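Structural characterization, general
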Amino acid sequence: MRTYRIVPFLFFLIFLTACSLLEGPQPVILPTAIPTPPPLNLEQVSGELVFDPVSDVVPAIDRELQVLMNQVSRQSLIGYVQTLEGFQTRNTYSSVDDPAFGIGAARLWIFNEFIRVGNGRLLVEMDDFVVNNNGLINTQQNVIATLPGTSPHAGVIVIMGHYDSRTIDPFDGESFAPGANDNASGVAAMLEIARILSSRDWNQTIVFAAFAAEEQGRLGSQNYVTAEMLAGTTFDAAINNDIIGGRPGIPQSIRLFTPGPETSEPRQIARYINFISSLYLPQFPITLEPTRDREGRFSDHITFLDVGVPAIRLTESIEDPDVQHNALDTSNLIDYDYLVKATQLNFITAAHMVGGPPRPVSPAWAPMADPGGYILTWPVDDLAAGYAMSFRVAGDPNYPPFRFVAAEEAGNVAITGLDPNVSYLVSIAAISDTGRMGLFSPEIIVGP
């Protein structure tokens with residue numbers, strides 16, 4: 001068990017942000033595209049240049065990942081949701097020591113379930129923090145399960161979901177608050193993804209975070225993020241699942257919330273998730289919601305956004321507010337076929353992030369003598385069989401057609417034929433020999 005100590009002033013700043021969200025959305029400073037770096041000195045470009053390369057190493061459906069994706073179990077998801085519902089309430093102010101009722105019983109079950117599904121590979125810890133509401137004090141715990149990666153890349157991927165529930169009164173720890181969709185559905189998806197990913201090794205570290213006290217203002221995620229930032233943890237991406245259970249009859253799609261501008265890194269993560277999921281689950285499309293959350297609402301991904309981590313939220317296509325934050329949010333209302341698809345989407349995008357080569361650094365660039373030509377240079381990763389290069393025109397919400405280069409020709413690439421009057425947002429992603437494409441580097445501005 002580990003207990004984090006919070007720097008008071010830093011926690012106070014984050015807590016003020018959380019409280020303000022109860023009154024409506026607040027502005028936040030977001031990471032944007034990297035400013036145009038100084039062009040390379042062509043005399044310092046070492047190695048042989050490869051002009052307009054063509055490669056058959058391209059992002060594609062990885063058959064191993066597809067088989068694993070199809071192992072998402074509808075029956076397991078039903079069992080997870082119904083078990084969490086069976087604790088009657090998971091309110092932050094419910095019992096912490098009753099073995100069958102309340103948030104204490106729920107978090108102990110989640111802890112043990114992560115150990116059970118982890119195949120001996122998951123490091124599972126309780127993350128303690130104190131909640132103080134006008135003198136009403138208790139100790140809460142996030143449940144954090146870490147699947148270590150095998151490569152030296154430092155960046156961590158987070159899949160998160162809060163496990164607490166509430167009624168109309170967020171401080172009522174006695175009334176029935178089943179929280180089946182909000183948010184046993186998100187915890188169920190995490191457990192199922194952890195089960196499948198724990199069957200083998202992956203290149204990159206992934207963290208599964210079941211947060212407490214989200215309903216009182218994101219207190220659990222604030223504690224975790226504050227401690228990890230102080231410890232120097234690097235987060236490459238964070239995916240929040242909150243209300244993903246679906247209901248019969250709603251559109252078979254999912255909403256992805258991510259703030260702008262379109263040059264921000266959260267929006268870049270959204271483009272990546274949309275691209276990977278379209279390869280494997282074209283029948284379950286993503287609807288981009290260009291805001292960090294629904295109006296007047298919040299969830300734990302905002303805690304990551306507030307410290308500059310690229311984070312997004314996934315939520316069912318149409319919500320029913322009449323069954324939220326009350327006793328009506330029960331497991332029999334969930335569409336488990338929908339929840340299977342939402343879990344598969346999470347799995348396949350996370351598997352590409354941690355199973356593909358690590359995220360590259362942004363390339364350096366230099367203009368060529370011929371207008372519309374640019375040289376890109378970057379270090380080539382040993383795990384990469386090739387690279388995708390994206391030259392995105394500002395304002396285009398999606399990736400343009402990629403250009404590809406094999407690893408043996410990568411690192412010093414000359415690209416010609418671009419519009420010399422257009423500025424491009426350029427990024428690269430490494431690809432494995434089976435088509436697994438990792439995350440794209442941060443975008444740089446190339447051009448006039």
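Throughout what follows, the structure given in this document is the object of discussion. (Residues numbered from 1 in each chain as written. Predicted model: local features only at pLDDT ≥ 70, side-chain atom pairs only at ≥ 80, totals over all residues. Heavy atoms only, no water.)

**Regarding the overall build of the protein**
- If you tally the helices and strands in the protein, you get nine helices and 17 strands.
- Per-residue burial for the protein yields a buried fraction of 61% across its 448 residues.
- When the accessible surface of the protein is split by element, carbon and sulfur atoms take 56% of a total near 17,000 Å². (Helix = DSSP H or I, 4+ residues; strand = E, 2+ residues; numbered from the N terminus. Buried < 20%, exposed > 50% of the residue type's maximum accessible area, 1.4 Å probe, protein only. Areas by Shrake-Rupley, 256 points an atom, 1.4 Å probe, with all protein chains shown as cover.)

**A closer look at the environment of Glu214**
- Note on placement: Glu214 falls in the loop between β6 (205-211) and α6 (219-230).
- Expressed as a C-alpha distance, the spacing of Glu214 and Asp300, which sit 86 residues apart in the sequence, is 6.7 Å.
- Look past the residues within four positions of Glu214 in its chain and what remains in contact with it is His162, Asp164, Asp242, Phe298, Ser299 and Asp300. (Contact = heavy atoms within 4.5 Å.)

**Topic: the sheet that holds strand β16 (residues 424-431)**
- Spatially, the four strands line up as an open sheet ordered β14-β13-β16-β17, and their pairing is antiparallel. Edge strands, defined here as strands with exactly one partner in the open sheet, are β14 (403-406) and β17 (444-446). The average angle at which neighbouring strand axes cross in this sheet is 35 degrees, direction not considered.
- Direction of pairing for strand β13 (residues 386-393) relative to β14: antiparallel, over a ladder of four bridges. Bridge pairing in β14 places Met389 opposite Arg403. (Pairing = 2+ DSSP bridges. Axes fitted to C-alpha atoms, helices over the stretch in contact; angles between N-to-C directions.)

**As for the packing of helix α3 (residues 74-85) against helix α4 (residues 103-117)**
- Running from N to C, α3 and α4 cross one another at 160 degrees; their axes reach a closest spacing of 12 Å. Taken together, the axes of α3 and α4 lie roughly antiparallel to each other. Classified by chirality, the crossing of α4 by α3 is right-handed. Across from Tyr80, Thr83 and Leu84 in α3, the residues of α4 making contact are Trp109, Ile110, Glu113, Arg116 and Val117.
- Taken together, the residues of the contact of α3 with α4 sort by class into five nonpolar, one polar and two charged. (Parallel < 35°, antiparallel > 145°, perpendicular 65-115°, else oblique. Left-handed = near helix turned anticlockwise from the far one by under 90°. Nonpolar A, V, L, I, M, F, W, Y, C, P; charged D, E, K, R; others polar.)

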